[in-house]
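# Residue-level structure breakdown
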Amino acid sequence: MQSLEAYRPFMEKCSHCAFCQATCPSFGADISESQMPRARMEIIRACLLDKSMPLTRRARQIIARCLLCGNCNRTCPAAIPVEEMSALARAEIGGLNPFTRSVTRRFARNRGLSGIWRVAANAGRGMGLAPREVPPIAAAPFAPGALSFPAAGEERARILYFVGCAANSLCPETARDVVSALTRNGIAVAVPDGIVCCGAPLYSAGDLEKARENARVNVEALSIEGFDAVVTECTTCASFLKEKTIKLLGPEDPLAEKAKALSARVYEATDYLLGKGLSAEPDPAPRAVTFHVPCHRGFSPTVDEAPRRLLEKVPGLTIRDMERPDACCGAGGLFFAKNRAVSGEIRRRKLSDIEASGAECVVTPCPMCRAFISGADRRIETVHPLSLVRYGKEEP
Amino acid sequence: MKAIAKDLFRILPRSAVLQAPEDLLAYAADATADLFSRSPDAVVLPRSTDDVAAVLCYAASRKVPVTPRGAGSGLAGGATPVEGGIVLDMKRMNRVMAVNRGNMTAQAEAGVVLENFKRLIAKENLFYPPDPQSAAVCTLGGNVATRAGGPRGVKYGTTVHYVLGLTTVLPDGEVVKTGGSCVKQSVGYDLTHLFTGSEGTLGVITEVTLRLLPLPPAHATAVAVARTSEDAASMVSEIIARGTVPAMLEYLTLMAAATMNPTLKIPLPLTGEAYLLMDIDGTAAQVAADCALLSDLCREKGALEVRIVEDPVEAAAYWKARASLYPLILTMAKKAIIEDVTVPRDRLPEFVRKIGELSAKMGVLIGMAGHAGDGNMHPSVLFGEVNEKTMQDARFAVREIVRAGLALGGTISGEHGVGLHKAEFIEEEMGSAQIALMKRVKAAFDPLGIMNPGKIWPAAGVDHAKP
Ligand SMILES: Cc1cc2nc3c(=O)[nH]c(=O)nc-3n(C[C@H](O)[C@H](O)[C@H](O)COP(=O)(O)OP(=O)(O)OC[C@H]3O[C@@H](n4cnc5c(N)ncnc54)[C@H](O)[C@@H]3O)c2cc1C
Ligand code: SF4
Ligand code: SF4
């Protein structure tokens, strides 16, 4: 992902078959072909590559109205990555205003905000400057620095835990649940020092420079010997560490080889635990749940089903599948903050599928999906799958 | 802003009209974009029959051309606004009004996506067989307007066999309801089936009433590998002659098999020249018996391998790969002209041989996939480089393919329609008397000639069909 120009051959592979209408959430919300991936790609090509059309406000709007969900890439028979073209186009156009950019960069560097920044951000949220769906920043992050948790019982594996920003500073209880589920299954967990945001929010905001910088920091911080895997609780973080980091850095980067080696060791937490197998039956959880599959799932063929497969082993749990569990929820990272109407429309469909399922609770690994599905009024309960894998009658 | 858009803003909500060049670009062509495209002057996204009527009243008053559009997945250039004007994007009319189990019918708006419709009725164990491979996006209206078919044609026929009633807005804005919900009807001219297949040239279909069937309880997928293309074609003729009717009977070339292989768990052996991909449906006992019969028959006809795919997930992978074939092949060729020639099924071996000879003689690559079970082949002329010579060769090859089909008593289109790209051949097939009669029908419905001009027969003096 070094330049848009490199995507020209992909653009030329488009057969105009229209299949990408089927799963693009942005198209689905508007039902006009200007918002389908193919059209977005054609606008990017005309305005930024061929320069055959001026880069008008409308063109920018169409380019911006992409949730970077990657559905186009998965649905297109020719696997054309319109998602990556959108991200590169945004980088070229320059997305964020200087203030938002500096806050995003700070958040991404610290995996949260502390001190005066935290107070200011939470106050801003209270005043409606930030969407109410995003939980306030917790007073104490889960991992301000390195941490380590021994395996309970016999050690079956040792992993590096990449704590995502949201789990670190918006919902630290999720990070605690993840550590507990892993350690109780014989997996020793260490949070390394020096990790920063995976880069997804920067990427989404068109700040590719900074996203690359973060990627390099993480590659170094996570390339420690003595661990079987790098595990993260968030689907998007996993996809960034596994797929996007390599692409963003490109083959010429001095860290390219290290990034590749890292990629081979990255797992989403439920996918990893499922692969290892549970060493003991979890506590009963007598509830009816349904599963939402986050969009950034392309990096593993099993990650979409992993939470469901894992929770099938939880006694007492009733699974009520919703229709289209893998349809986007509308969050798109922080896309929803700037595109309320589009995201609201996408969420409306998701909520009606959730409601039809009859479940009382939505299970999904991604903290942003959880926050957005819950809604500003937290009407719908959402949990991380590993929060339902408990042992020893712990209080939730 | 163009005057047309300005006028439209006056009669419709702002969100229903698109007029920026960026928006219009998205509507400049259907799936045949590499052959011809032109941006319309405005796009309207109606939500009701009334909206459509209002647009057509306006269009008639100003003599503005109107091109109805579903998903724009058509393979004949039908939804391409060759003369500009207004494109009517029907996809926001996406409600299913009624599913009537007692009568086995359903009523839906024209913009409903075929796959969504199928999924919805399947919940009640109901089945709507027409299955164009674009089901994930194409609309019921587009299907009716083109008489869309698909692999299931061999056993279940095409869209035309399931349309019972339509609501159509005529080019002057008048709304007519034709047919109804009765599964047999014998009153007056069959206008319902005149609109069916009219490719948007007689009016805009806004609602459809469709006949449904019970969902077959069991399925199996089978593949036969044939030594030569003619072997495969004669297997098809034989299957039909013996009266065992699979639900789908697809013909694939070696190239198609190779294209599909990466998505299959157990790849197809690349030892044959052609392949038959079959779906057998019915009760479990029937399916087992038919599978045995078909396997024997294919072996008798020299099949190198017959494979029954038991795993439903793997079976689905075959059909998904089949549906993606055309876009996948395009990733390898620079350009493809996909034809839709259909021949009587007993003439299939001859047709396949002729196309093979043609390809060899001209040195032009012609891919041959098709719904062989109903005689519907999709010979596609593929070229790796686009220049004057290859274009000319391709054009010549297309002409020869079409003539070969017609000479065997075939038709130039089994399911895609004539649209823009087959318009130059229609007279060869239908003869001047039929064309003259059709033109009188057209004039009776659309005296101003504003409904999807340039389609079905070439617009005077313009040759948009040239690749
Ligand atoms: C990969 C691929 C595979 C395909 N496979 C098949 C196949 O197996 N079988 C098959 O039959 N086709 C196939 N097609 C072609 C195409 O999908 C069908 O022709 C389909 O019926 C078109 O539907 P649409 O909604 O996209 O219509 P469009 O392409 O938008 O329009 C098609 C025609 O119908 C008219 N029209 C559309 N809606 C209306 C309406 N409401 N009222 C009046 N006129 C209307 C348009 O003006 C145009 O002339 C395939 C296409 C692709 C890209
Ligand atoms: S990334 Fe998602 S929203 Fe963006 S074009 Fe692709 S499918 Fe649409
Ligand atoms: S699905 Fe892929 S090939 Fe088909 S129109 Fe969309 S981008 Fe083009």
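Shown above is the structure to which this text applies.
Residues numbered from 1 in each chain as written. Chains lettered and ligands numbered in written order. Predicted model: local features only at pLDDT ≥ 70, side-chain atom pairs only at ≥ 80, totals over all residues. Heavy atoms only, no water.

The next point concerns the packing of helix α3 (residues 37–49) of chain A against helix α4 (residues 57–64) of chain A. Residue and element names in this part refer to chain A. Look at α3 against α4: their axes get within 9 Å of each other, and the N-to-C directions meet at 135°. Judged by the angle between their axes, α3 and α4 are oblique. As for the relative orientation of α3 and α4, their crossing is left-handed in sense. Contacts between α3 and α4 pair Arg40, Ile43, Ile44, Cys47 and Leu48 from the former with Ala59, Ile62 and Ile63 from the latter. (Axes fitted to C-alpha atoms, helices over the stretch in contact; angles between N-to-C directions. Helix = DSSP H or I, 4+ residues; strand = E, 2+ residues; numbered from the N terminus. Parallel < 35°, antiparallel > 145°, perpendicular 65-115°, else oblique. Left-handed = near helix turned anticlockwise from the far one by under 90°. Contact = heavy atoms within 4.5 Å.)

This paragraph deals with the sheet that holds strand β1 (residues 147–149) of chain A. Residues and elements named next belong to chain A. The five strands are arranged β1-β3-β2-β4-β5 in an open sheet whose pairing can be described as mixed. On the outer flanks of this sheet lie β1 and β5 (266–268), each paired with one strand and no other. Sheet twist, expressed as the average angle between the axes of neighbouring strands with direction ignored, equals 30°. Taken together, the three bridges between β1 and strand β3 (residues 187–191) define a ladder with antiparallel strand orientation. Counted as the bridge partner of Phe149 is Val189 from β3. (Pairing = 2+ DSSP bridges.)

With that settled, consider the interface of chain A and chain B. Of the residues lining the interface, 30 residues belong to chain A; the matching set on chain B comes to 36 residues. At the boundary of chain A with chain B, total buried surface from both sides reaches about 2500 Å², with 59% on carbon and sulfur atoms. Per-residue buried area on chain A facing chain B is highest for A:Phe19, A:Ile31 and A:Glu33; these three make up 23% of the total on that side. One can count six salt bridges joining chain A with chain B. Between B:Lys91 and A:Glu33 there is a salt bridge, and its shortest N-O distance comes to 2.5 Å. The interface formed by chain A and chain B holds ten residue pairs in polar contact (both at pLDDT 80 or more) in total. Secondary structure elements with two or more residues in the side of chain A that touches chain B: α2 (25–30), α3 and α4 of chain A. Per-element tally for the side of chain A that touches chain B: the top contributor is α3(A), with four residues. Split by residue class, the side of chain A that touches chain B holds 15 nonpolar, six polar and nine charged. (Buried area = accessible area lost by both parts, 1.4 Å probe. Salt bridge = Lys/Arg side-chain N within 4 Å of Asp/Glu carboxyl O. Polar contact = N/O pair within 3.5 Å; in protein donor to acceptor, adjacent residues only side chain to side chain. Nonpolar A, V, L, I, M, F, W, Y, C, P; charged D, E, K, R; others polar.)

Turning next to the environment of A:Thr23. Residue and element names in this part refer to chain A. When you line up the elements, Thr23 lands in the loop between α1 (8–12) and α2. Overall, the relative accessible area of 31% leaves Thr23 in the partly exposed class. For the pair Thr23 and Val134, spaced 111 residues apart in sequence, the C-alpha to C-alpha distance is 26 Å. Non-local contacts of Thr23, meaning those with residues more than four positions away in its chain, are made with Asn71 and Thr75. A polar contact of 2.5 Å, which involves the side chain of Thr23, links it to the side chain of Thr75. (Buried < 20%, exposed > 50% of the residue type's maximum accessible area, 1.4 Å probe, protein only.)

Taken together, the neighbourhood of ligand 1 is formed by 39 residues, with B:Pro68, B:Gly70, B:Ser73, B:Ser134 and B:Thr139 sitting nearest. Taken together, the residues near ligand 1 originate from chains A and B. Within the backbone of B:Pro68, one N or O atom sits 2.7 Å away from an oxygen atom of ligand 1. Between B:Glu199 and ligand 1, the recorded distance is 3.2 Å, taken from a backbone N or O atom to an oxygen atom. Computed on the free molecule, ligand 1 has an accessible area of 980 Å², of which 98% lies beneath the protein chains in the complex. Listed by contribution, the elements that provide at least two residues to the shell around ligand 1 are β3 (66–69), α5 (140–146), β10 (204–211) and α12 (325–330) of chain B. Looking at the shell around ligand 1, the element that brings in the most residues is α5(B), giving five residues. In terms of residue class, the shell around ligand 1 is made up of 17 nonpolar, 19 polar and three charged. (Near = heavy atom within 4 Å. Areas by Shrake-Rupley, 256 points an atom, 1.4 Å probe, with all protein chains shown as cover.)

Non-glycine residue A:Arg378 carries a positive phi angle of around 50°. You can see A:Arg378 is positioned in the loop between α19 (367–374) and β9 (381–383). A positive phi is found at B:Arg147, a non-glycine position, where the angle reads about 55°. Here B:Arg147 is to be found in the loop between α5 and α6 (153–156). Here B:Arg147 falls in the partly exposed class, since its relative accessible area comes to 39%.

Moving on, we get to the side chain of A:Gln35. All names here are of chain A. In this fold, Gln35 is placed in the loop between α2 and α3. A relative accessible area of 0% means that Gln35 is categorised as buried. One polar contact links Gln35 to Arg40, side chain to side chain, over a distance of 2.8 Å. The contact partners of Gln35, leaving out residues within four places of it in the chain, are Cys24, Ser26, Phe27, Asp30, Arg40, Arg58, Ile62 and Arg65.

Take the packing of aromatic side chains next. All names here are of chain A. Under the criterion given, the structure shown has ten aromatic pairs over all chains. Measuring from centroid to centroid gives 6.2 Å for Phe142 and Phe149, while their planes differ by 15°, and the two rings are stacked. Given the relative accessible area of 11%, Phe142 is considered buried. Every member of this aromatic cluster is reached through a ring pair, and the members are Phe142, Phe149 and Tyr161. For Lys242, the ring lying beneath its charged end belongs to Tyr267, and the centroid distance is 5.6 Å. Above the face of the Phe372 ring, Arg347 is positioned so that its terminal group lies 4.0 Å from the ring centre. (Phe/Tyr/Trp six-rings, centres within 6.5 Å; stacked < 30°, edge-to-face > 60°. Lys NZ or Arg CZ within 6 Å of the ring centre and 35° of its normal.)

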